[in-house]
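Residues per chain are reported as follows:
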Amino acid sequence: MNFPWSELGQVLVVGLLAGAGVVALFAAGVRLLAGPEGGTARTVPAYACFALCGAAVLYGLYTLLPL
């Protein structure tokens, strides 16, 4: 039996990077909101981080659930 180890490795790497990327984006958004008051200069990028996290979650659900 010939198992495609390279494809499994690619899935593992992409999964780890995507998972860590979503967590890092969320942490950056929280950090931007928790910092000193900076007005829209900090609020807009924070909400952009949250929007990207939400988009990543929705894309994951879209790929997993049959429509």
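Just above sits the structure.
Conventions we followed
- Residue indices follow the written sequence of each chain, beginning from 1 at its first position.
- In keeping with the model being predicted, local features are shown solely for residues with a pLDDT of at least 70 and side-chain atom pairs are shown and tallied solely at 80 or more, while totals for entire chains, interfaces and linings include all residues.
- Side-chain calculation: all heavy atoms of the structure are included, whereas hydrogens and water are not.
- Helix and strand definitions here come from DSSP, where helices need a minimum of 4 consecutive H or I residues and strands a minimum of 2 consecutive E residues; each element is numbered from the N-terminal end.
- One fewer than the residue count of a helix, multiplied by 1.5 Å, yields its expected span.
- Between two residues, a contact is recorded if the distance between any of their heavy atoms is within 4.5 Å.
- Aromatic contacts are taken between Phe, Tyr and Trp rings whose centres are within 6.5 Å, Trp giving its six-membered ring; a plane angle under 30 degrees counts as stacked, one over 60 as edge-to-face, and the others as tilted.
- Exposure categories follow from relative accessible area, calculated using a 1.4 Å probe and restricted to protein chains: below 20% of the type maximum is buried, above 50% is exposed, and the middle band is partly exposed.

A. Structural detail: helix H2 (residues 40-64). Here H2 spans 36 Å end to end across 25 residues, near enough to the 36 Å set by a 1.5 Å rise per residue. Considering only its buried residues, H2 is in contact with helix H1 (5-34).

B. Layout of the packing of aromatic side chains. One pass over the structure, following the stated rule, counts 3 aromatic pairs. A ring pair is formed by phenylalanine 26 and phenylalanine 50, whose centres lie 5.3 Å apart and whose planes are at 50 degrees; its orientation type is tilted. One end of the pair, phenylalanine 26, is in helix H1; the other, phenylalanine 50, is in helix H2, with 24 residues separating them in the sequence. In this structure phenylalanine 50 comes out as partly exposed when scored by relative accessible area, which is 22%. Of the aromatic side chains, those joined through ring pairs into one cluster are Phe26, Tyr47 and Phe50.

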